[in-house]
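# What the coordinates show
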Protein chains: 2
Amino acid sequence: MIRVLLADDQHLVRQAMAALLSFEADIEVVGEAARGDEVLAAVAECSPDVVLLDIEMPGRDGLTVAEDLHAAGLAVKVVILTTFGRPGYLHRALASGASGFVVKDARAEELADAIRRVHAGQRVVDRALAASSRTRGASPFTARERDVLRVATDGGTIADIARELFLSEGTVRNYLSSAMGKVGARTRAEAVRVAENNGWL
Amino acid sequence: MIRVLLADDQHLVRQAMAALLSFEADIEVVGEAARGDEVLAAVAECSPDVVLLDIEMPGRDGLTVAEDLHAAGLAVKVVILTTFGRPGYLHRALASGASGFVVKDARAEELADAIRRVHAGQRVVDRALAASSRTRGASPFTARERDVLRVATDGGTIADIARELFLSEGTVRNYLSSAMGKVGARTRAEAVRVAENNGWL
DNA sequence: CGGTGAATCTGACAGATGTCATGGGCCGCC
DNA sequence: GGCGGCCCATGACATCTGTCAGATTCACCG
């Protein structure tokens, strides 16, 4: 029996996934977490074999939680289960020690199968997404460029961004301009959109 | 037995919801749709009592589909099931004839209960969200301001927006400036964010 | 030890954005 | 019939954005 922990911020989605997996004779959902920062404690308490992690969760995002699990050296396999199959997400997922990556557009059998194969020590990733991750999974930005772009998603002015990151306005303009150039964007809003769509933020 | 049709673009989420609802003795999932523009045909084919509609679907968004169902005069109840409880979404949902509005953060029992009560002719809406919808559900924008803001979400320049909407650049600046003023935004990106967060786009 | 890249900054300048006034046409409502 | 609001446009102007050059410091690598 494969013991599974579900981490997703949406209650209904968690319960629905638990219901779906309950049909599998060899899979048992032993716990749930609604927030990223609840996962480690839940893993310690429930001793799952596999953890299903959404990415966007309050408290701590799923990719960072995967890093935490990996760093803690726990004998638990991680499957990222997310809405968007973004190459940057997959790239970070694999780098953080995740063994599987499934999008919520998959079929139920694909999820169950992913859980089994990951439990058996295999890696489960959609082939097309893996290819995409290899070509454009890695973020082209420096750490500071990413910081500046992330704050720019709020839609504030150069002065707002500078204030938030304790930088001068000129420096912020330089970073934004550089980031825009790296993705061929003509405005920072366009750069933000490209970065988000690729999972680089 | 209450017959239910599920419309959500994510396969796994649909199957999981179907699994969850299968535990209810008085509810039967009789059909599914993955795209907004598949729902009317699916309703004609499966004759559901209740339709569960996600909002963001390819082909046609759920709120517009709710309008279509209402306009077609079909004896079917609509429950909107969505990720974000945005007052603008609720406002539009109620205006389009939906009888229920449930967010994916609800509990499973709340969904099943909503389906039963909607089927019994009641309206099911979270009270706090209903209050929020009354105060800021209605979009403050004119139709053209909304058009301009929506195109602005792509992050293009004034010239891009003007070209796409067949307007002059000056007109676009006027509409953007007016829309920004209505929500107290200092940049168009901020206005877009406020509009999206309130469900006005 | 030297070269390279990143982080950070300043300054100048061109182009884009946003504000504001003004005006015409159309439509709905009183 | 008049008024108000929306759609659309132009023009002037202030401010902001983005580009680019040049500079310093620090860490890392060959």
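Anything mentioned here points back to the structure above.
Residues numbered from 1 in each chain as written. Chains lettered and ligands numbered in written order. Predicted model: local features only at pLDDT ≥ 70, side-chain atom pairs only at ≥ 80, totals over all residues. Heavy atoms only, no water.

## Description of the protein's contact with DNA strand C
Taken together, 17 residues lie near DNA strand C, and Thr 142, Arg 144 and Tyr 175 of chain A together with Asn 174 and Ser 177 of chain B sit nearest. Across the atoms of DNA strand C situated within 4 Å of the protein, the share located in sugar and phosphate is 67%. One of the backbone N or O atoms of Ser 168 of chain A is found 2.9 Å from a phosphate oxygen in DNA strand C. Note that a phosphate oxygen of DNA strand C is positioned 3.0 Å from one of the side-chain N or O atoms of Thr 171 of chain A. The residue inventory of the surface near DNA strand C, partitioned by class, reads five nonpolar, nine polar and three charged. (Near = heavy atom within 4 Å. Polar contact = N/O pair within 3.5 Å; in protein donor to acceptor, adjacent residues only side chain to side chain. Nonpolar A, V, L, I, M, F, W, Y, C, P; charged D, E, K, R; others polar.)

## Focus: the relation of the copies chain A and chain B
Note on the identical chains: chain A maps onto chain B by a rotation of 180° and an axial translation of 0.0 Å, with an RMSD of 0.0 Å. As the rotation angle and translation indicate, the two copies are arranged about a two-fold axis. Scanning chain A for the C-alpha nearest the rotation axis identifies Ala 16 of chain A, at a separation of 2.3 Å. The fraction of interface residues of chain A whose copies in chain B are also interface residues reaches 100%, indicating that both copies meet through the same surface. (Least-squares fit on C-alpha atoms with pLDDT ≥ 70 in both. Contact = heavy atoms within 4.5 Å.)

## Looking at the protein's contact with DNA strand D
Of all residues adjacent to DNA strand D, which total 17 residues, the nearest are Asn 174 and Ser 177 of chain A together with Thr 142, Arg 144 and Tyr 175 of chain B. In the model, a phosphate oxygen of DNA strand D is placed 2.9 Å from a nitrogen or oxygen of the Ser 168 of chain B main chain. Between DNA strand D and Tyr 175 of chain B there is a distance of 3.2 Å, counted from a phosphate oxygen to a side-chain nitrogen or oxygen. Contributing elements (two or more residues each) for the surface near DNA strand D: helix H9 (169-183) of chain A together with helix H7 (143-152) and helix H9 (169-183) of chain B. Of the residues assigned to the surface near DNA strand D, the class counts are five nonpolar, nine polar and three charged. (Helix = DSSP H or I, 4+ residues; strand = E, 2+ residues; numbered from the N terminus.)

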